[in-house]
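# Descriptive structure summary
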There are 6 protein chains.
Amino acid sequence: MYKPKSSLESPRFCGIRTFMRLPYVNETVEADFAIVGVPFDTGQSFRTGARLGPSHIRDFSSLLRPYNGVQDIDIYEYCSGIDYGDIDVIPGNIHRTYENIELGLEPLFNADITPVILGGDHSITLGSLRAAAKKHGPLSLILFDSHTDTSEALYGEQYTHGTPFKRALEEGLISPENSVFIGMRGSMVTPNDLDDARELGFKIITMREVRELGTDEVVRQIYERVGNHKAFLSFDIDFYDPVYAPGTGTPEVGGATTVQGIEFIQKLKDINFVGFDLVEVLPAYDSGQLTAIAASNTIYEMITLIALNKRRRVQEEKEVASLESSK
Amino acid sequence: MYKPKSSLESPRFCGIRTFMRLPYVNETVEADFAIVGVPFDTGQSFRTGARLGPSHIRDFSSLLRPYNGVQDIDIYEYCSGIDYGDIDVIPGNIHRTYENIELGLEPLFNADITPVILGGDHSITLGSLRAAAKKHGPLSLILFDSHTDTSEALYGEQYTHGTPFKRALEEGLISPENSVFIGMRGSMVTPNDLDDARELGFKIITMREVRELGTDEVVRQIYERVGNHKAFLSFDIDFYDPVYAPGTGTPEVGGATTVQGIEFIQKLKDINFVGFDLVEVLPAYDSGQLTAIAASNTIYEMITLIALNKRRRVQEEKEVASLESSK
Amino acid sequence: MYKPKSSLESPRFCGIRTFMRLPYVNETVEADFAIVGVPFDTGQSFRTGARLGPSHIRDFSSLLRPYNGVQDIDIYEYCSGIDYGDIDVIPGNIHRTYENIELGLEPLFNADITPVILGGDHSITLGSLRAAAKKHGPLSLILFDSHTDTSEALYGEQYTHGTPFKRALEEGLISPENSVFIGMRGSMVTPNDLDDARELGFKIITMREVRELGTDEVVRQIYERVGNHKAFLSFDIDFYDPVYAPGTGTPEVGGATTVQGIEFIQKLKDINFVGFDLVEVLPAYDSGQLTAIAASNTIYEMITLIALNKRRRVQEEKEVASLESSK
Amino acid sequence: MYKPKSSLESPRFCGIRTFMRLPYVNETVEADFAIVGVPFDTGQSFRTGARLGPSHIRDFSSLLRPYNGVQDIDIYEYCSGIDYGDIDVIPGNIHRTYENIELGLEPLFNADITPVILGGDHSITLGSLRAAAKKHGPLSLILFDSHTDTSEALYGEQYTHGTPFKRALEEGLISPENSVFIGMRGSMVTPNDLDDARELGFKIITMREVRELGTDEVVRQIYERVGNHKAFLSFDIDFYDPVYAPGTGTPEVGGATTVQGIEFIQKLKDINFVGFDLVEVLPAYDSGQLTAIAASNTIYEMITLIALNKRRRVQEEKEVASLESSK
Amino acid sequence: MYKPKSSLESPRFCGIRTFMRLPYVNETVEADFAIVGVPFDTGQSFRTGARLGPSHIRDFSSLLRPYNGVQDIDIYEYCSGIDYGDIDVIPGNIHRTYENIELGLEPLFNADITPVILGGDHSITLGSLRAAAKKHGPLSLILFDSHTDTSEALYGEQYTHGTPFKRALEEGLISPENSVFIGMRGSMVTPNDLDDARELGFKIITMREVRELGTDEVVRQIYERVGNHKAFLSFDIDFYDPVYAPGTGTPEVGGATTVQGIEFIQKLKDINFVGFDLVEVLPAYDSGQLTAIAASNTIYEMITLIALNKRRRVQEEKEVASLESSK
Amino acid sequence: MYKPKSSLESPRFCGIRTFMRLPYVNETVEADFAIVGVPFDTGQSFRTGARLGPSHIRDFSSLLRPYNGVQDIDIYEYCSGIDYGDIDVIPGNIHRTYENIELGLEPLFNADITPVILGGDHSITLGSLRAAAKKHGPLSLILFDSHTDTSEALYGEQYTHGTPFKRALEEGLISPENSVFIGMRGSMVTPNDLDDARELGFKIITMREVRELGTDEVVRQIYERVGNHKAFLSFDIDFYDPVYAPGTGTPEVGGATTVQGIEFIQKLKDINFVGFDLVEVLPAYDSGQLTAIAASNTIYEMITLIALNKRRRVQEEKEVASLESSK
């Protein structure tokens, strides 16, 4: 059973910086989830530096504790988790990096270890989706982001942090009719920016609509859209308002609070997730570590979903077993 | 037609830092608005350094894109805009600086180019109002600020960032009965601080009242007060809560969110504005660029009002023309 | 009468940095309150550096002005206040530091000068409570904090910033049935973290409950609990959300806004407070001074309560005197 | 005649941030030199963010004044200079960026305007050398750097900031027997790192040798090597010790002082330079602006060389003219 | 006897921030020297913010210890020293500030308490010299600075941080033939910048000459020039290289090391100083506190000179007394 | 064979942050050296925060490459090295921490793995010396530091970062007649500070003497003193001048350059070292990572000494073997 060092024995600032002080295991062992860093930032179009995102998030994450009060679960009572380290990226070469992401994640998917990926810029999600879809087929995509990232190209380049979901669609990795994008806002290049994404088949819930509809209604619409499909949750840290996440590539005013973001994830506990990522953390603009705080706590809720799911399965198995034994 | 470089061709981090990557044109050309920096901070009474405000705002503003979704307008479809550069200020000499501001803005007012001024500290607004009133007569002043800036003097000095509107009133530049001040809060020197401003004839809506009345009612009261008068919008960045704008001279807790501030401006689209400024940005306390983000996006909404106004006039002219041609 | 330098004569950035520019008087003089720094941080379990908290808070506090508009009182019309300087702590030795805190505060309590203590980490409150209880007997404790700080031990140590209220209870310094803890949240070490504190007799209102019940209901419950008991108000700056207070030891997402925190204190004006502290400010993570802004303004409201209380007593005495003279 | 704004009229902190407050002219006009930014950082292998280098250098450069006392010349008495703005780079695509660099510099070389290029990472020099060699043929390269940047590949990539001079050699852009590399130091990947570069034909003077030989002897060896060949000066800011230039990609202890670096350039006044660059400035690690100070002053000396060269030609022409008229 | 708190009893980070933890005494008591802050920065022409210099220097100075090993003296064995607090400046009004400086320093000069002044920008030295010359007549000025600060005007203003010594000369406050300026360097506005100062009668030793002549020869020339005249030592922190003092208004590469600067002051122990200042410290660019370290240690050496002088006088008096008693 | 990941395959910014990207192995395996963090800072008397030193140093160390050119050795050709992680410290309890250090290092000493310890404050060295002396008996101590750290007590506390070598002497862990302290400087509490240490038997070479004697003579004196004794090298980062190491607890002007510090270690290659530490790195004051650069490179030279020693032994064994085989 892989779990964090106990803070009763070892102070939280001690030790090599793995996520939440999990054991660093770069193999496919008996685990339910694996933290995987993808420190790639060649896809960034404005500020750069997301390659230092994974180490920045790991650094703060040592403060996280195993019991999630809202979801009422001690994560490691049910789950075994590891920090798998980082995928070796090729700075400057996105295609070779995609290959490495696919190769790196494949054994995890095959071993039924759910990857929780730390970016890196948003271009990396295409690599993750390739690996996920290879195992699971076209996925529902639940995207929290201030942008749709469905442009055809940026400066003539087709593989960037502004284009992954256009490519994922073309490659058949995601099923648009079961996908939802939440949080879009900010000034746009053309009036068609959102409509283009809608025409691709994605459902878009702007940040404005989030404010008007309320969390519960948005969650309802997500469930309606995703249903029982296998899903991938991609969380761009710029979904949050810049005051919660100043350390990011393209901050937009008017974003969500961390309370909102975390509540969204908590309420998605019945979705059948096969993978998660959190991207676009840039330490250079994060002097007070606010972005690391937001990112760590958001990932913590993703892990909690994995634990809840595990508990459910364990209980179901127990019930089946007890039913069978009572026959 | 002067408009920003297209980000489809040129990445947003490329180029000399003008506001929103507009062409730098230091002459009165065919334009609807001009960004004008006034890097003066001799008027500051607590923290200083607002002289670096204009370059700090310009630096971040390159992320802004031309289409404003909420107002549904592509700014540069209707508007021509330039970055006029900075007025040469005289650090240490406020009177000579006022002369330069007046001399600098006069050609813009005469050419019907709406100035959008980047401070500098709040003392500069007196110079801008002098130039504006010379052209347009006494103006309605809509002030978003945590302080009224109507003191008689600071440390015996009559021309500072705490006194511009007392002076403007004495000089007949503004019409108090058509002016509104929104956002006042914080500890005060004497119980009379707000009452003194009210006795000068200004309407004051404290931040507390903003929270109680709601945005729509406040906007209604502004319209009621301002009516059809020519108006000047002065926005002190400390109207925002310090978490949105840490980089400012005299931060006060309990301020507005950027969503609120932007919504206020958006709803003032039927006011007849002849000028705008945004003041009191201090980069030294803005390590994560949050203040630059707040300032850039607020100015963006001011420019949008200019574009909306232009579109309305164009459409009215078209309608008149079509009416006439159909006669 | 001890009061701050007037900003009409002396700019706010001038002078030795005392709290709110009060006179520095390291003796028990005729004063109603005394600011006392306790720059101790040996009790911190994650980030450290709270020893620089008092000077950081004093540094920003010079912006505070004497008139509190919401409470409608000019503090120094009724109150005499001093900055008493810092207690000499012994870094690395918590027991000798506790002795110094007790010895340092004792003359203040004996002279009926209400101490307003600037931490330092939360371990110092045990020392303050010892001094307060020696004079006043077991106290009601009103705690604003994201944690209960009632652990039995951290890493086997019984005297740390996570354990003061367990010790205070054991030592009979506080009366749990008249104490309330507000703001708990965040991931926990075990499911029992909150229940353990409840079993000790404390009433706990989690941050979640704060959001659900609203400020007024929470305040009502505090009054119900505390009644007329003599009370000590301990305010951990991490009660605030990290965006308002990034500079702290163990930040937790989902905290209060400064508007909420300040409103809580304002509404506790009828509680019979004998002492106050504000702890866990860490300048190293506070590049934009947001934490200093939050802390200064929070302490300002504590001082206002002292002034309100003094005014009430003065008025009562006047009424009594006038009654007597009219007999 | 293009020259900076006079600081007697306009304070140095006023105005759009061009290098040394030169006019921003994005055309080939009558000028002796042009500042050209190339904000490309896709080639960086460790820290990234050099795309913000040009604006960071420009920002500080406004402090530079026209008279160079050591070289005894008022630069703009002889020279006309412009800030040409930035080349549009393609983040993520080094080959298309190289094309843009070539296309962008070509008109300057053709108009005999010496480019002074602000990087960006060191990979961009290959683009600059292509443009320079197209006009001038194979060049002498004088490189100040802590690394030779002659690797065959980094992580399998042939076009990075560690490989430009290997490529430049293969493409016949530089003549190794007339080239010198100064300043190499630091830990190395293999014992052959320096020998490999020597085998390619380059002369290498390590930082250790610089300390042992002294500036004058090193300068003598440079002249001996370069002779009358047309030369390109490439200056990696990490030539300086990290205390002088903390804001860079791969800092190595034991570098030069700014006094040394500036003296080297001053003494190269008789070299026939056709172009200059200064690369690898990363603002994210430059909180006190030290790197911007070092970079600005180094570029200032490059411009001075252009002015000295111009003065010499003007004087020679005068002498010829006077000789002829006296015939 | 006024002396710092002992660090054997009170940790160095405890207490209100006075210089070197001296008692804060805002009266003329029995003391040999007084630290006086002048937080004025209206005279700054490039970066601003020196108003926070005094508190920044005081903050770090608590690390200084009483025994100066090189000079072999325990300062407070001979000296009584106080922190006098700050002069109330008038931001934005240099003339009223000069009056306050004069009024503030006069009692100190009259009580034979040597002022050691913390700037503020260099314009303040004119005020200090006025006060000093009123008591002592025209003074020798020993100036360590990268600039001569003898301009006629900046932007048409005659009272700025670039002009104090031109004014001081005109006002007869200093005797140029007994004054020396050390450390000039950097790019200049015109070739005449240094010659103009020389023509005013000042001796100038450029930084280059310092490097060539060596410390001892420079010191010899200073003694030769100053002789027995009463002298004022003005130290602009930009005398140091930017790596030692990044936090300053107009940093110039190629400055002195702190070892050099401190050695200069140590060797001036036989000069008859009547006052000292250290100016141009700007905290905003001093994230690592290097400038505060350099400034504190430099002031420490000034105080040591006062102590050495006192010891000499005490010993002379003793010798005279013993001679007399032995008669 | 344990060695760093190759940067030819994996970019230097990839991966969990171990020192120099060594494998993280928390057991005693076949290795020549082990990096061990001791994140303890309860012993700090001025600034605090050294608990984050180990992770800060590891973070930058990924830039270090295996071949040391000056010593002409590829470290990992001869050496096997691991990152052992951190010792679990007890913040606030120095005695229990000492126990943990001893327990933690004991297996390494027993397995002949040389520990290279990352502090933490200087108090930790006492724990390391206890473990080392238990195995090796009283050791020669070579200390590079600006202070002697031989005080009897600080604020009455005997176990702090200012007292370890007084305690070590009393406990018989070090042999003063074979120990040398290099680099002392700065203001002192009493004239006896250095003499007290000399009277304890230590040889002290002040920083001033280092400048006067030169590196070679100082090295000669070290060898003379240490001879063949087993030695422990303790390196306080404040040996360096603050410009090279701003991030430290008690910075003193006038320190060594990194070139000097590194040269000292390089020249001690014939000393028989049994352990090393580097202490007092405080990230909070290290915004540009200069201290991490200095620390990483200094530790790199320590490791190189281990490799040189190993090579020597291997060669000696070979020679012996060849001699024997040739018999």
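The residue numbers shown here count from 1 along each chain, following its written sequence. Here chains are named by letter from A upward and ligands by number from 1 upward, in the order in which they appear as written. The model is predicted, so local features are restricted to residues of pLDDT at least 70 and side-chain atom pairs to those at 80 or more, both for listing and for counting; the totals for chains, interfaces and linings are taken over all residues. Neither water nor hydrogens contribute to the side-chain values; these are computed over all heavy atoms in the structure.

For this overlay, a least-squares fit was computed on C-alpha atoms, restricted to residues scoring pLDDT of at least 70 in both copies. In the superposition of chain C on chain A (RMSD 0.0 Å, axial shift 0.0 Å), the rotation amounts to 120 degrees. What we have between these two chains is a three-fold relation. Residues of chain C ranked by C-alpha distance from the rotation axis are headed by V243 of chain C, positioned 3.6 Å from it. The two copies present different faces, since only 9% of the interface residues in chain C are matched by interface residues at the equivalent positions in chain A. Only heavy atoms enter the contact rule, under which two residues are in contact if any of them lie within 4.5 Å.

All names here are of chain F. Examined bridge by bridge, strand β7 (residues 180-184) and strand β8 (residues 203-206) share four bridges and lie parallel to one another. The residue of β8 that forms the bridge with M184 is T206. Whether a crossover is right-handed comes down to one check: with the strands pointing away from the viewer, does the path from the first strand over the helix to the second run clockwise; if it does, it is right-handed. Comment: elements are numbered from the N terminus, with helices defined as DSSP H or I runs of at least four residues and strands as E runs of at least two. Taken together, β7, helix α6 (residues 193-199) and β8 constitute a β-α-β crossover, and its handedness is right-handed. Pairing between two strands requires that DSSP report at least two bridges joining them.

Here we take up the sheet that holds strand β8 (residues 203-206) of chain C. Residue and element names in this part refer to chain C. Taken in spatial order, the eight strands line up as β4-β1-β5-β10-β9-β6-β7-β8 in an open sheet, and their pairing is parallel. The sheet terminates laterally at β4 (81-86) and β8, the two strands that pair on one side only. Taking each pair of neighbouring strands and ignoring which way they run, the sheet shows an average axis angle of 15 degrees. By the bridge criterion, five bridges tie strand β6 (residues 140-144) to strand β9 (residues 230-236) in an arrangement that is parallel. Bridge pairing in β9 places L141 opposite F232. Here helix α8 (residues 215-226) sits on the sheet and contacts β6, β7 (180-184), β8 and β9; the angle it forms with β7, its principal contact strand, is near 150 degrees. Inter-axis angles, ranging from 0 to 180 degrees, are taken between N-to-C directions of lines fitted to C-alpha atoms, where helices are fitted over the stretch in contact. Together, β1 (33-38), β5 (114-119), β9 and β10 (272-279) form the strand contacts of helix α10 (residues 290-326), whose direction differs from that of β10 by roughly 170 degrees.

The subject of this paragraph is the pairing of strand β4 (residues 81-86) of chain D. Residues and elements named next belong to chain D. A 1.4 Å probe rolled over the protein chains alone gives each residue an accessible area, and that area as a share of the maximum for its type sets the label: buried under 20%, exposed over 50%, partly exposed in between. Extensive coverage of β4 is indicated by the burial of six of its six residues. Pairing analysis gives four bridges linking strand β1 (residues 33-38) to β4, with the strands arranged parallel. Pairing of A34 across the sheet is with I82, part of β4.

Let us now look at the interface of chain C and chain A. The accessible area lost on association of the parts is a frequent measure of interface size. With 23 residues of chain C at the interface, the matching set in chain A holds 27 residues. The salt bridge criterion pairs a side-chain nitrogen of Lys or Arg with a carboxyl oxygen of Asp or Glu, the two atoms within 4 Å. Scanning the region where chain C abuts chain A turns up one salt bridge. Across the pair E252 of chain C and R65 of chain A runs a salt bridge, and its minimum N-O distance is 3.0 Å. Side-chain atoms alone can form a polar contact between residues adjacent in sequence; in general such a contact is a pair of N or O atoms within 3.5 Å, and within protein one must be able to donate a hydrogen while the other accepts it. Taken together, the links from chain C to chain A amount to five residue pairs in polar contact (both at pLDDT 80 or more). Gly falls in the polar group here, along with every residue not listed as nonpolar (Ala, Val, Leu, Ile, Met, Phe, Trp, Tyr, Cys, Pro) or charged (Asp, Glu, Lys, Arg). Class assignment of the residues belonging to the side of chain C that touches chain A gives a composition of 11 nonpolar, seven polar and five charged.

As a further point, take the relation of the copies chain C and chain B. There are two copies of the chain, and a rotation about an axis plus a shift along that axis relates them. Rotating chain C by 120 degrees about the axis while translating it 0.0 Å along that axis superimposes it on chain B, leaving an RMSD of 0.0 Å. Looking at chain C, a mere 7% of its interface residues are interface residues in chain B too, so the copies touch through different faces.

With that settled, consider the interface of chain C and chain B. Residue-level contacts link 27 residues of chain C with 23 residues of chain B. Buried area: the sum, over both parts, of the accessible surface (1.4 Å probe) that disappears when the two are put together. Looking only at chain C, the three residues that lose the most surface to chain B are L63, R65 and Y67 of chain C, adding up to 26% of its buried area. The tally of links from chain C across to chain B stands at one salt bridge. Joining chain C to chain B, the criterion identifies five residue pairs in polar contact (both at pLDDT 80 or more). If you list the elements that add at least two residues to the side of chain C that touches chain B, you get α9 (258-267) and α10 of chain C. Tallying contributions element by element places α10 of chain C first for the side of chain C that touches chain B, with four residues.

All names here are of chain F. Assignment of secondary structure puts S234 in strand β9 (residues 230-236). Residue class for S234 comes out buried when judged on its relative accessible area of 0%. Side-chain polar atoms of S234 contact the side chain of H122, separated by 2.8 Å. When residues no more than four places from it in sequence are discounted, the contact partners of S234 are H122, T125, L141, I142, L143, F144, F165 and D277.

The next subject is the pattern of salt bridges. Residues and elements named next belong to chain F. All chains considered together, the criterion is met by 126 salt bridges over all chains. Across the pair E217 and R220 runs a salt bridge whose closest N-O atoms are separated by 3.0 Å. In this pair, E217 and R220 are both assigned in helix α8 (residues 215-226), three residues apart and thus about one turn of the helix distant. On the accessibility criterion, E217 (24% relative accessible area) is partly exposed. Since its relative accessible area comes to 40%, R220 is described here as partly exposed.

Keep in mind these values describe shape, not function.
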